[in-house]
Amino acid sequence: MPHSLSVTVHVDLDLHEVVLSIAGCLTARTYDSVLPVVAQARGLEPAPRLTLDLLDMQHIDVDGLLPLRQAIDLADPEQAVPLSIKAPETLPSCPLSSAAPRADGSDSPPLQLHRRTDAPATAGSDDPRRLPSAAASPTILTERARRGIAPRSRREEILAGAAEMFAEHGYHGASLRDIAGHIGISHPGLMHHFPSKDSLLHTVIDSLEGRTQRTLEEVERLSVEPEALMQELAATWHPGALHVRLLATLAAEAVSGDHPGRFRMARLRRVHENIFEQCFTAYGERGLLRRGLDPGFAGRALFGLVLNLAVREKTVRAMQGPTHDDGPVQELARMMRSFLSKDAVG
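All figures in this text were calculated on a predicted structure; none of them were measured in a lab. (Residues numbered from 1 in each chain as written. Predicted model: local features only at pLDDT ≥ 70, side-chain atom pairs only at ≥ 80, totals over all residues. Heavy atoms only, no water.)

1. Describing the overall build of the protein chain
Scanning the protein chain from N- to C-terminus turns up 14 helices and five strands. In the protein chain, buried positions account for 47% of the 346 residues. Pairs at least 24 apart in sequence give 71% of the contacts found in the protein chain among residues at least 6 apart. As presented, the protein chain carries roughly 16800 Å² of accessible surface, and 53% of it is formed by carbon and sulfur atoms. (Helix = DSSP H or I, 4+ residues; strand = E, 2+ residues; numbered from the N terminus. Buried < 20%, exposed > 50% of the residue type's maximum accessible area, 1.4 Å probe, protein only. Contact = heavy atoms within 4.5 Å. Areas by Shrake-Rupley, 256 points an atom, 1.4 Å probe, with all protein chains shown as cover.)

Laid out in structure tokens, this is it:
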């Protein structure tokens, strides 16, 4: 049974308020179906106060909630029409799907890319088709925490807060005291869990590897049709999502030779580029790629745009009005379409 959403609209004419009550499953695949309803409500005259009510949702996936918030904010960056979101403190888990535990007790599948048997392998730890398993280290969002099965532990709260601070200020720009203050705990309390900023950084990078690990397991599905990858761009590589902003900031910082996460971030970048390359290679074999286009170049270019847009959303976007037709997901879709043959897009 597929995930689905329904929207019930409650209008209070006296108080000029519209409540959009959402039911069903909010996921990376379904969140965008809410956006046209929000846009219609925002277009009412006079403009009402809007509330998005998610309290009765059957399932809320953080990979659906975060892009939904981002899309709503980007559609009205000046907040001309006030909109609030009511969401439960603990996200309800999905009855339609649950992750099967691995034999080693962790929630994530082994980190290995499905690839063609004739694809060349690169020896050593720099192989872009493989990352060291992060199962031995806790991640910010394990599958269980991501699905809201249990409240976050103090350690997970620290990791989530550190990810936010590193994404905003970088590793060098965020001290342990800054991170502790952001989370609302004492500096000694933070150091009880992480004795150094380096150890905190590497555990945050573990979380990025864990997320990438799950994406690697989807390569075979994404390689079937370009439309599958097109949809996944908004779900997995949304430039406004925290993990993508974190990737962009740390990857830019890691050009410094003394950055403690330099080699791990370089390897992560290569893995993401390789995911796109594998997909474009598969499309090319079926005549769906533009003639003469190198899949490796296309993969590097598309992921480079992901990182560029993550920075742009925090800089240029703030100086633009809402009329600009350059939303991050639309920009990624435009680039990807430019790589495809006429048969694939038309």
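Still to come is the rest of the account.
2. Remarks on the packing of helix 7 (residues 197–216) against helix 11 (residues 262–285)
The geometry of helix 7 relative to helix 11 is characterised by a closest axis approach of 11 Å and an angle of 15° between their N-to-C directions. The orientation of helix 7 relative to helix 11 falls into the category roughly parallel. Every pair of crossing elements has a handedness; the one defined by helix 7 and helix 11 is left-handed. In contact with His202, Ile205, Asp206, Leu208, Glu209, Thr212, Thr215 and Leu216 of helix 7, helix 11 contributes Arg264, Met265, Arg267, Leu268, Val271, His272 and Ile275. Residues belonging to the contact of helix 7 with helix 11 are distributed by class as follows: seven nonpolar, four polar and four charged. (Axes fitted to C-alpha atoms, helices over the stretch in contact; angles between N-to-C directions. Parallel < 35°, antiparallel > 145°, perpendicular 65-115°, else oblique. Left-handed = near helix turned anticlockwise from the far one by under 90°. Nonpolar A, V, L, I, M, F, W, Y, C, P; charged D, E, K, R; others polar.)

3. Considering helix 12 (residues 295–312)
Owing to its 3.6 residues per turn, the α-helix aligns residues three or four sequence positions apart on the same side. For helix 12, spanning 18 residues, the distance from its first C-alpha to its last is 25 Å, which sits close to the expected 26 Å at 1.5 Å a residue. Within helix 12, the full set of buried residues consists of Pro295, Gly296, Ala298, Gly299, Ala301, Leu302, Phe303, Leu305, Val306, Leu307, Leu309 and Ala310. The elements touched by buried residues of helix 12 are helix 9 (226–236), helix 10 (242–253), helix 11 and helix 13 (328–339). (Expected span 1.5 Å × (residues − 1).)

4. Description of helix 9
A large share of helix 9 lies buried, amounting to nine of its eleven residues. Within the sequence span of helix 9, burial applies to Pro226, Ala228, Leu229, Met230, Glu232, Leu233, Ala234, Ala235 and Thr236.

5. Considering the side chain of Thr27
One can find Thr27 in the loop between strand 2 (17–26) and helix 1 (35–42). Setting aside residues up to four positions removed in sequence, Thr27 forms contacts with His3, His59, Asp61 and Gly64.

6. A short note on the packing of aromatic side chains
Going through the model one piece at a time under the given rule, you end up with five aromatic pairs. Judged by centre distance (6.0 Å) and plane angle (45°), the ring pair of Phe166 and Tyr171 falls under tilted. Like Phe166, the residue Tyr171 is buried in the burial classification. Ring geometry for Phe280 and Phe339: centres 5.6 Å apart, planes at 90°, overall edge-to-face. Here Phe280 is found in helix 11, whereas its partner Phe339 is found in helix 13, with 59 residues between them in sequence. Comparing Phe280 with Phe339 shows no difference in burial state: the two are buried. An aromatic cluster is present here, built from Trp237, Phe276 and Phe303 joined pairwise through their rings. Positioned over the ring face of Tyr171 is Lys197, at 4.3 Å from the centre of the ring. (Phe/Tyr/Trp six-rings, centres within 6.5 Å; stacked < 30°, edge-to-face > 60°. Lys NZ or Arg CZ within 6 Å of the ring centre and 35° of its normal.)

7. Concerning the packing of helix 9 against helix 11
Two elements in contact, helix 9 and helix 11, have axes separated by 10 Å at closest approach and are oriented at 155°. On the basis of their axis angle, the class for helix 9 and helix 11 is roughly antiparallel. Note on packing geometry: the crossing formed by helix 9 with helix 11 is left-handed. Note on element contacts: helix 11 touches helix 9 through Phe276, Cys279 and Tyr283, opposite Pro226, Leu229 and Leu233.

8. Comments concerning the pattern of salt bridges
Close approach of charged atoms allows side chains of opposite charge to pair. Applying the stated criterion across every chain, the model contains nine salt bridges. In this structure, Glu157 engages Arg154 in a salt bridge whose closest nitrogen and oxygen atoms are separated by 3.1 Å. Taken together, the residues span about one helical turn, with Glu157 and Arg154 both in helix 4 (residues 154–173) at a distance of three residues. Since its relative accessible area comes to 29%, Glu157 is described here as partly exposed. Accessibility expressed as a relative area gives 40% for Arg154, which makes it partly exposed. A salt bridge links Arg221 to Glu218, with the shortest nitrogen-to-oxygen separation between them at 2.5 Å. (Salt bridge = Lys/Arg side-chain N within 4 Å of Asp/Glu carboxyl O.)

9. Observations regarding the confidence of the model for the protein chain
Scored by pLDDT, the protein chain has a mean of 78; 75% of the residues are at 70 or more. Taken as a whole, residues 97–130 scores under 50 in pLDDT and shows 63 contacts with residues more than four places along the chain or in a different chain. Every residue in residues 132–150 scores below 50 in pLDDT, and together they form 54 contacts with partners more than four places removed in sequence or on other chains. (pLDDT = per-residue confidence, 0-100.)

10. Examining the side chain of Thr212
Relative to the elements of secondary structure, Thr212 occurs in helix 7. Among the polar contacts made by the side chain of Thr212, one reaches the main-chain carbonyl oxygen of Leu208 at a distance of 2.8 Å. (Polar contact = N/O pair within 3.5 Å; in protein donor to acceptor, adjacent residues only side chain to side chain.)

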